[in-house]
Amino acid sequence: MNVNVKPFGKVDDVPVELYTLSNTTGMEMQITNYGGIVVSMKVPDKNGLIEDVVLGYDDVDGYVKNNPYFGAIIGRYGNRIANGRFSIDNETYTLAKNNGNNSLHGGEKGFDKVIWKAKPIQNENRVSLELTYLSKDGEEGFPGNLDVKVCYELTNENAFEITYSATTNKTTVVNLTHHSYFNLAGSNAGSIISHIVSINADRYTPVNADFIPTGELASVKGTPFDFNQPEVINNRIGENHEQLVLANGFDHNWILNAGEDGIVKAATVH
């Protein structure tokens, strides 16, 4: 297990770095502390051929100038907040409207556009990059100081694991996630519509015309959203279904079946 670091350019005259995590079986990941972005993920396939399976840019300027959230940490709040405002304890907080009438992925300068403190950690069977950031009270309109820690881990079993934690000194909202665009055939292999997908879920969340969930937890049964059995994306994405038309494809949350621990989990697919 190994981790290397090198310069990756500057953002607002502040140097940023590129960290390379590698294991003993041929997998390699590159992460920059600008936005906690996963720049590349090179993975051996069943025949040992190594491909980069995430989309990204070759330098930090690409992410600054033209970034559809490629590979980044999303926060304080992933997805949309309707009308750019919310209320806690009878106090209303107003956010930037950076997605039509909504606030998206933390506002104008979310966690994908800040420079994180990075700390490499090496163990016998995994190598990690610990990223920390203090989002101060009032940043992008959100209340409370929020101390955030995100840990990216690469194991010798070729697993990529992410752990999020956050503490605050004031009641607030927080919804952290990761935003890599995966192409398991390789980043230069074209469309992913031939991928086979399986999602262990009974329900999904329909959205309105502004991509805000309606509040309904709809059954996937009899709809294009039923991936309980492995299915080719292209066999479903072109179906005449209101939700596919609204989102121009699959851009929804699925409510995953509860595991043995009884915890219900959610997954988002774009």
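Residues numbered from 1 in each chain as written. Predicted model: local features only at pLDDT ≥ 70, side-chain atom pairs only at ≥ 80, totals over all residues. Heavy atoms only, no water.

(A) Quick look at the pattern of salt bridges. The full count for this structure, using the stated rule, is five salt bridges. Among the salt bridges present, the one from Asp-112 reaches Lys-113, with a minimum N-O distance of 2.7 Å. Under the relative-accessibility criterion, Asp-112 is labelled buried at 0%. You can call Lys-113 partly exposed: its relative accessible area is 27%. (Salt bridge = Lys/Arg side-chain N within 4 Å of Asp/Glu carboxyl O. Buried < 20%, exposed > 50% of the residue type's maximum accessible area, 1.4 Å probe, protein only.)

(B) Inspection of the packing of aromatic side chains at higher detail. Scanning the entire structure with this criterion turns up 15 aromatic pairs. Judged by centre distance (5.7 Å) and plane angle (90°), the rings of Phe-111 and Trp-116 are edge-to-face. Residue class for Phe-111 comes out buried when judged on its relative accessible area of 1%. Residue Trp-116 is classed as buried on the basis of its relative accessible area, which comes to 2%. Ring centres 4.1 Å apart and planes at 5° place the aromatic pair Tyr-204 and Phe-225 in the stacked group. You can see Tyr-204 sitting in strand β17 (residues 201-204) and its partner Phe-225 sitting in the loop between β18 (218-219) and β19 (231-232), a full 21 residues away along the chain. Sitting over the ring of Phe-227, Arg-236 keeps its end group 5.3 Å from the ring centre. (Phe/Tyr/Trp six-rings, centres within 6.5 Å; stacked < 30°, edge-to-face > 60°. Helix = DSSP H or I, 4+ residues; strand = E, 2+ residues; numbered from the N terminus. Lys NZ or Arg CZ within 6 Å of the ring centre and 35° of its normal.)

(C) The arrangement of the sheet that holds strand β12 (residues 126-135) in detail. The four strands lie next to each other as β11-β12-β13-β14, forming an open sheet whose pairing is antiparallel. This sheet does not close on itself; its edge strands, each paired only once, are β11 (117-122) and β14 (160-168). For this sheet the average axis-to-axis angle between neighbouring strands, irrespective of direction, equals 15°. Inspection of the sheet shows strand β13 (residues 146-155) paired to β14 by nine bridges, in the antiparallel sense. Residue pairing in the sheet places Leu-146 in a bridge with Thr-168 of β14. (Pairing = 2+ DSSP bridges. Axes fitted to C-alpha atoms, helices over the stretch in contact; angles between N-to-C directions.)

(D) Fine view of the pairing of β12. Most of β12 sits inside the fold, with seven of its 10 residues counted as buried. Where β11 lies against β12, six bridges are found, and the strand directions are antiparallel. The residue of β12 that forms the bridge with Pro-120 is Leu-129. Connecting β11 to the antiparallel partner β12 that follows it, the hairpin turn spans three residues. Strand direction decides the pairing type here: β12 and β13, joined by 10 bridges, are antiparallel. In the strand pairing of β13, Arg-126 is matched with Thr-155.

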